[in-house]
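Structural characterization, general
The residues making up each chain are set out below.
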Amino acid sequence: MEYENKFKDVLKELRTERNLGQVELAKAIGVSKGVISLWENGLREPTMYSLISLAEFFNVSIDELVGLK
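As for helix 2 (residues 22-29)
Those residues of helix 2 that fall on the buried side of the exposure criterion are Gln22, Leu25, Ala26 and Ile29. Down the axis of helix 2, the buried set is contained in an arc of 100°. They therefore lie on one face. Looking at the buried positions of helix 2, the neighbouring elements they touch are helix 1 (7-17), helix 3 (33-40) and helix 4 (48-58). Gly30 occupies a position one or two residues after helix 2 and carries a positive phi of about 80°.

Section: the side chain of Glu40
Note that Glu40 resides in helix 3. In terms of polar contacts, Glu40 uses its side chain to reach the side chain of Gln22, at 2.9 Å. Aside from chain neighbours lying at most four places away, what touches Glu40 is Lys8, Leu11, Lys12, Arg15 and Gln22.

Section: helix 4
Buried within helix 4 we find Ser50, Leu51, Ser53, Leu54, Ala55 and Phe58. Of the surrounding secondary structure, the elements contacted by the buried residues of helix 4 are helix 1, helix 2, helix 3 and helix 5 (62-65). Among the residues trailing helix 4, Asn59 stands out with phi positive, at a value near 55°.

What about the packing of aromatic side chains?
Summed over the entire model, instances satisfying the criterion amount to two aromatic pairs. Look at Phe57 and Phe58: their rings are 5.0 Å apart centre to centre, the planes differ by 85°, and that puts the pair in the edge-to-face class. According to the relative accessible area criterion, Phe57 is partly exposed, its value standing at 35%. Taking the relative accessible area as the measure of exposure, Phe58 reaches 2% and is therefore buried.

Re the nonpolar core
Within the largest apolar cluster, 17 residues are counted, with the highest numbers of intra-cluster contacts made by Phe7, Leu11, Leu25, Trp39, Leu54, Phe58 and Leu65. Of all the secondary structure elements, the ones that give two or more residues to this core are helix 1, helix 2, helix 3 and helix 4. Element by element, the count of residues in this core is highest for helix 4, at four residues. The residues contacting Leu54, other than those within four sequence positions of it, are Phe7, Leu11, Leu25, Ile29, Trp39 and Leu65.

So, how was this worked out
Residues numbered from 1 in each chain as written. Predicted model: local features only at pLDDT ≥ 70, side-chain atom pairs only at ≥ 80, totals over all residues. Heavy atoms only, no water. Buried < 20%, exposed > 50% of the residue type's maximum accessible area, 1.4 Å probe, protein only. Helix = DSSP H or I, 4+ residues; strand = E, 2+ residues; numbered from the N terminus. Arc of directions from axis to C-beta. Contact = heavy atoms within 4.5 Å. Polar contact = N/O pair within 3.5 Å; in protein donor to acceptor, adjacent residues only side chain to side chain. Phe/Tyr/Trp six-rings, centres within 6.5 Å; stacked < 30°, edge-to-face > 60°. Core = buried A, V, L, I, M, F, W, Y, C linked by side-chain atoms within 4.5 Å.

This is the structure we're talking about:
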């Protein structure tokens, strides 16, 4: 089974749907703007703690965040 990283696309879609900038999202979940950029460009993956923070912030499941819905 091949894995395709959909997290970066899902994150950007959730953020833009809510008209949030990277800085606003970063402040809301306690990371830097640079980290959000790295995630959205697929250059870094979030920690479990960050995934939980994002899921709670966007009110979605972790499965949805990583594209498993």
